[in-house]
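Summary of the model geometry
Below, each chain spelled out in residue letters.
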Amino acid sequence: MELKSLNGRDSNDSLEELAELATTAGGEVVGDGLQKLAAPCAGTFIGKGKADEFAFHCRRADIDTVIFDEELSPAQSRNLERVFNCKILDRTSLILDIFAQRARTREGKLQIELAQLQHLLPRLTRFWGHLSRQKGGIGMRGGEGETQLETDRRRVQDRIARISRDLEVVRRQRFTQRNARQRNHWALASIVGYTNAGKSTLLNTLTGAGVLAEDKLFATLDPTTRRLRLPTNQNVLLTDTVGFIRKLPHSLVEAFKATLEEVVQADLLVHVVDASHPQAEEQIQAVDAVLKEIGAEGKPTLMVFNKIDQLNGSRDVQTRFLERHPHGVSICATSGEGIPALLAELGSQLRPIREFMELVVPHDRTGVIARLHEVAQVVERDYNGDQARFKARIPPHLHGEFAPFFVRDLRTA
Ligand SMILES: Nc1nc2c(ncn2[C@@H]2O[C@H](COP(=O)(O)OP(=O)(O)OP(=O)(O)O)[C@@H](O)[C@H]2O)c(=O)[nH]1
Ligand SMILES: [Mg+2]
């Protein structure tokens, strides 16, 4: 496999990541190449001469697939296939392929197939062959010839229409489920972050969720939500979802918008960063860019710097991150180090959405007093007067239950 990228500040990092993606997809990377260009060539993306040179090497090494680190237009893919005489993929098709392998739920599978077919349709060439889903190749590769092409195009169109209808049904169901959950009025926090940052590991450590966490890109595709009870008695619904990556294909963001609604609706984002990664800062920016694309920019965000165990005791990196993000916390999700601080920060960042009230409860209303301690965060208590007096943070949905005992709203006091 041969990898190429346009000139750019971090094209080498990006190429390295592309190789990782290719391996994740089941490919074997045998080489890469880079051409520095001011702008891509209209016809072949890289220069014609460079393309011929790379093609020569590929033929000698008997390469079956060449992957470009940028998104190619359908025409560019076709032209390049002619030059290279083998299958051409771009970063988008590669990421789509990985997502396709990972999808587990019905909605996830439909979403990714839709994105894949939409990306593929204009790019169908004889190198893709018959579109039955076959195992082993990257990007829905089959083995049959050109005769199949027209039938395939029609089949792809039919299939796109079908999936769109099915997705509509699945989404309506999920919408109903979410409405049921919203009636609880629990605060909603979404874990976001670059792929492989440790999001699922964190959810597992916090809630014992048992989500698959692996040293793989895009181990998680489908969102998992668990209840987390903070030491302050606040309940938070915590959602772990798909990881982000730089140059995340737009079609994929579109396809996953419904899944990512969890992120858009969250009261708070928990942005997990692999602090031990050399490109951690670029990864933060890539995540912010995707958040912007899905309309979740500017949300209250708790920055979590993970994998501090891999910093070899160097506190400089941690200090640098925490200087830039004053309310951030650094943790090791695998060992649990830093988790108490994380919980405390979560509690205080979620607090503003609670009511802070002073209550007076007759001593004989023991049921009310017990309930208050169970569901609210009691900050102060005084049993000495003829009635018990409390200052407590109360979840908005329980307002009615305690309203008879409110004597003062402390948020305005
Ligand atoms: N050393 C170390 N490894 C960690 C830590 N947290 C997570 N990992 C490892 O990092 C890898 C990725 O963790 P995941 O929790 O799957 O990461 P993710 O962010 O959910 O990744 P995707 O779902 O693929 O986007 C796994 O091998 C974890 O064991 C940590 O604090 N220290
Ligand atoms: Mg995960």
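This text follows the structure it describes.
Re the sheet that holds strand β8 (residues 301-306)
The 6 strands are arranged β5-β6-β4-β7-β8-β9 in an open sheet whose pairing can be described as mixed. In the strand order of this sheet, the two ends are held by β5 (224-229) and β9 (329-330), each with one partner. Note that strand β4 (residues 187-193) and strand β6 (residues 235-240) share 5 bridges and pair parallel. Each bridged residue has a counterpart across the sheet, and for L188 the counterpart in β6 is L237. Of the strands in this sheet, β4, β5, β6 and β7 (268-274) touch helix α7 (residues 199-207), which is tilted by about 40 degrees from β5. Its contacts with the sheet place helix α12 (residues 339-350) against β4, β5, β6, β7, β8 and β9, and it is angled at close to 170 degrees to β8.

Focus on the coordination of the magnesium ion (ligand 2)
Only S200 (OG) and T220 (OG1) from the protein coordinate the magnesium ion (ligand 2), and they sit 1.9 to 2.1 Å from it. Within this pair, whereas S200 is found in helix α7, its partner T220 is found in the loop between α7 and β5, the two being separated by 20 residues in sequence. Judged by relative accessible area, which is 11%, T220 ranks as buried.

Considering unusual backbone geometry
With a phi angle near 60 degrees, D62 is a residue other than glycine that sits in the positive phi range. With relative accessibility at 69%, the residue D62 sits in the exposed group. Here the phi dihedral of K247 falls at roughly 55 degrees; this positive angle occurs in a residue that is not glycine. The residue K247 is located in the loop between β6 and α8 (250-255) in this model. On the basis of relative accessible area, K247 is assigned to the partly exposed category, the value being 35%.

Points about the site of ligand 1
Neighbouring ligand 1 are 23 residues, the closest being K199, T201, A219, T220 and D309. G198 places a main-chain nitrogen or oxygen 2.9 Å from an oxygen atom of ligand 1. For ligand 1, an oxygen atom lies 3.1 Å from a polar atom in the side chain of N306. About the coverage of ligand 1: the protein hides 89% of its 650 Å² of free accessible area. When residues in the shell around ligand 1 are grouped by element, the largest group, 3 residues, is from α7. When grouped by side-chain class, the residues that make up the shell around ligand 1 number 7 nonpolar, 10 polar and 6 charged.

Definitions and limits used
- Residues numbered from 1 in each chain as written.
- Chains lettered and ligands numbered in written order.
- Predicted model: local features only at pLDDT ≥ 70, side-chain atom pairs only at ≥ 80, totals over all residues.
- Heavy atoms only, no water.
- Pairing = 2+ DSSP bridges.
- Helix = DSSP H or I, 4+ residues; strand = E, 2+ residues; numbered from the N terminus.
- Contact = heavy atoms within 4.5 Å.
- Axes fitted to C-alpha atoms, helices over the stretch in contact; angles between N-to-C directions.
- Donors = N, O, S within 2.8 Å, 3.2 Å for Na, K, Ca; no water.
- Buried < 20%, exposed > 50% of the residue type's maximum accessible area, 1.4 Å probe, protein only.
- Near = heavy atom within 4 Å.
- Polar contact = N/O pair within 3.5 Å; in protein donor to acceptor, adjacent residues only side chain to side chain.
- Areas by Shrake-Rupley, 256 points an atom, 1.4 Å probe, with all protein chains shown as cover.
- Nonpolar A, V, L, I, M, F, W, Y, C, P; charged D, E, K, R; others polar.

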